[in-house]
Amino acid sequence: MNFQKARDRMVETQLVSRGIHDRRVLEAMRKVPRHLFVDEALKEQAHSDHPLPIGDKQTISQPYIVALMTQSLELQGHEKILEIGTGSGYQAAVLAELAERVFSIERNPNLAYRANQTLQKLGYKNIIVRVADGTLGWPDEAPFDAILVTAGTPKIPQPLLDQLAEGGRLVVPVGDRLAQELVLVESGPEGMKHTNLGGVRFVDLVGKWGWEG
């Protein structure tokens, strides 16, 4: 299978056709080898328009959702990003193509190890993966220019709001365990502005400020 052609087709049919217009995001999605972030048996499905299992009851998000969340951060290249929920590492790789540094937290040690191995093999030097409760954020590295949460939560964890820099953007799925609304939070001098980006369905964000495990 020609995976580059598959990525090009994915970008045109799933992203551009649905309104993903940020040139840098589209280039990153064309570049990052998505098939290397899924199991061998699923490689030929890696660019399909749906999530795929990555083990431990977790998933890799469908390409459109990855692109939508990434585009919503409006990255310029200089940012320090916090990602909550490393998963396979694919989203972190896309972010690393677009920002200066990515700090990614994963609560599952097995997933964190596999993701880190994949990212290292691909040569990413600007991603740090840590095993911890992502709902607490990463206080030692705060504030962050952008925060992206890849799991659904009943409410936005306060520590993440506290660790968002002024002028920063946070994208997080908020709702119940069956469905959520993707929310963009923009931090400004007048406070936090919330924008609903549409309905989504993610796995649970487990932790002190999320769902109980």
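Before reading further, recall that the structure is shown in the block above.
Numbers given for residues are sequential positions, taken from 1 along each chain in its written order. Totals for whole chains, interfaces and linings use every residue, but because this is a predicted model, local features are given only for residues with pLDDT of at least 70 and side-chain atom pairs only at 80 or more, for both listing and counting. Remark: hydrogens and water are excluded; side-chain values derive from all non-hydrogen atoms of the structure.

So, about the nonpolar core. What is meant by a nonpolar core is a set of buried Ala, Val, Leu, Ile, Met, Phe, Trp, Tyr and Cys residues, joined one to another through side-chain atoms within 4.5 Å. A simple rule labels every residue: compare its accessible area, found with a 1.4 Å probe on the protein chains alone, to the largest value its type can have, and call it buried under 20%, exposed over 50%, or partly exposed in between. By size, the foremost hydrophobic cluster in this structure holds 47 residues, and its most contacted members are Leu15, Ile20, Met29, Tyr90, Val94 and Ile127. Think of it this way: any DSSP run of H or I at least four residues long counts as a helix, any run of E at least two long counts as a strand, and we number them from the N terminus. Per-element tally for this core: the top contributor is helix H4 (residues 90-98), with seven residues. Residue contacts are defined here by distance: any two heavy atoms, one from each residue, within 4.5 Å place the two residues in contact. Val94 has contacts with Ala28, Met29, Val32, Val66 and Thr70, leaving out every residue within four places of it along the chain. Core analysis: the next-biggest nonpolar cluster, separate from the first, contains 19 residues, Ile84, Leu160, Val183 and Val185 among them.

This part is about the packing of helix H1 (residues 3-15) against helix H3 (residues 63-72). Note on method: axes are straight lines fitted to C-alpha atoms, helices fitted across the in-contact stretch only, with angles between N-to-C directions ranging 0 to 180 degrees. Two elements in contact, H1 and H3, have axes separated by 10 Å at closest approach and are oriented at 75°. The pairing of H1 with H3 is recorded here as roughly perpendicular in orientation. Packed against H1, whose contacting residues are Met10, Gln14 and Leu15, the element H3 presents Pro63, Tyr64 and Ala67 at the interface. Only Asp, Glu, Lys and Arg are considered charged, only Ala, Val, Leu, Ile, Met, Phe, Trp, Tyr, Cys and Pro nonpolar, and every remaining residue, Gly among them, polar. Of the residues assigned to the contact of H1 with H3, the class counts are five nonpolar, one polar and no charged. Small angles under 35 degrees read as roughly parallel and large ones over 145 as roughly antiparallel, with 65 to 115 read as roughly perpendicular and the rest as oblique.

Assignment of secondary structure puts Arg7 in helix H1. We count Lys and Arg on the positive side and Asp and Glu on the negative side, and we leave His and both chain ends out. A pairing counts as a salt bridge when a side-chain nitrogen of Lys or Arg comes within 4 Å of a carboxyl oxygen of Asp or Glu. Buried charge without a salt bridge: Arg7, with Asp8 as the nearest opposite-charge side chain at an N-O distance of 6.2 Å.

A few words on the pairing of strand E5 (residues 127-131). Pairing of strand E4 (residues 101-106) with E5, which is carried by five bridges, proceeds in the parallel orientation. The partner of Ile105 across the bridge, within E5, is Arg130. A clockwise course of the path from the first strand over the helix to the second, judged with the strands pointing away from the viewer, identifies a crossover as right-handed. With helix H5 (residues 109-121) bridging E4 and the parallel E5, this β-α-β connection has right-handed handedness. Between any two strands, pairing holds if DSSP finds at least two bridges.

For the rest of this paragraph, the subject is unusual backbone geometry. Going from Ala142 to Pro143, the amide bond is cis rather than trans, its omega being 5°. The phi dihedral of Asp56 is positive, around 55°, even though this residue is not glycine. By the secondary structure assignment, Asp56 is in the loop between strand E1 (52-55) and strand E2 (58-60). Positive phi values are uncommon outside glycine, yet Lys57 reaches one of about 65°. Tracing the chain through its elements places Lys57 in the loop between E1 and E2.

Our next topic: the layout of surface pockets. Looking at the largest pocket, its volume works out to about 710 Å³. Secondary structure elements with two or more residues in the lining of the largest pocket: E2, H3, strand E3 (80-84), H4, E4 and strand E9 (191-200). For the lining of the largest pocket, the element with the most residues is E2, which contributes three residues. Residues of the lining of the largest pocket, tallied by class, amount to 16 nonpolar, 14 polar and nine charged. Every definition here rests on a 1 Å grid over the protein atoms only: cavities are sets of points where a 1.4 Å probe fits but cannot get out, pockets are open sets enclosed by protein on both sides within 12 Å along at least five of seven lines, and lining residues have some atom within 4 Å of a point. Grid points are joined across faces, edges and corners, and a volume is the space filled by probe spheres set on the points. Here the second largest pocket is characterised by a volume of approximately 150 Å³.

Here we take up the sheet that holds strand E7 (residues 164-175). Overall, mixed pairing links the seven strands, which are arranged E5-E4-E3-E6-E7-E8-E9 in an open sheet. Whereas interior strands pair on both sides, the edge strands pair on one side only; in this sheet they are E5 and E9. Pairs of neighbouring strands in the sheet enclose a mean axial angle of 15°, with direction left out of account. Relative to strand E8 (residues 180-188), E7 is paired through seven bridges, and the arrangement is antiparallel. From the neighbouring strand, Val172 faces E8, where its bridge partner is Val183.

Next up on the list: the packing of aromatic side chains. Ring pairs are drawn from Phe, Tyr and Trp, using the six-membered ring of Trp, whenever the two centres fall within 6.5 Å, and their geometry is named by plane angle: stacked under 30 degrees, edge-to-face over 60, tilted for the rest. Scanning the entire structure with this criterion turns up three aromatic pairs. The interplanar angle of 70° and the centroid separation of 5.7 Å between the aromatic rings of Phe37 and Tyr90 together place this pair among those described as edge-to-face. Linking Phe37 in the loop between helix H2 (23-31) and E1 with Tyr90 in helix H4, this pair joins segments that are 53 residues apart in sequence. Classification of Tyr90 as buried rests on a relative accessible area of 1%. Between Phe103 and Trp138, the ring centres sit 5.2 Å apart and the planes meet at 80°, which makes this aromatic pair edge-to-face. You can see Phe103 sitting in strand E4 and its partner Trp138 sitting in the loop between E5 and strand E6 (144-149), a full 35 residues away along the chain.

Purely geometric numbers; function is a separate question.
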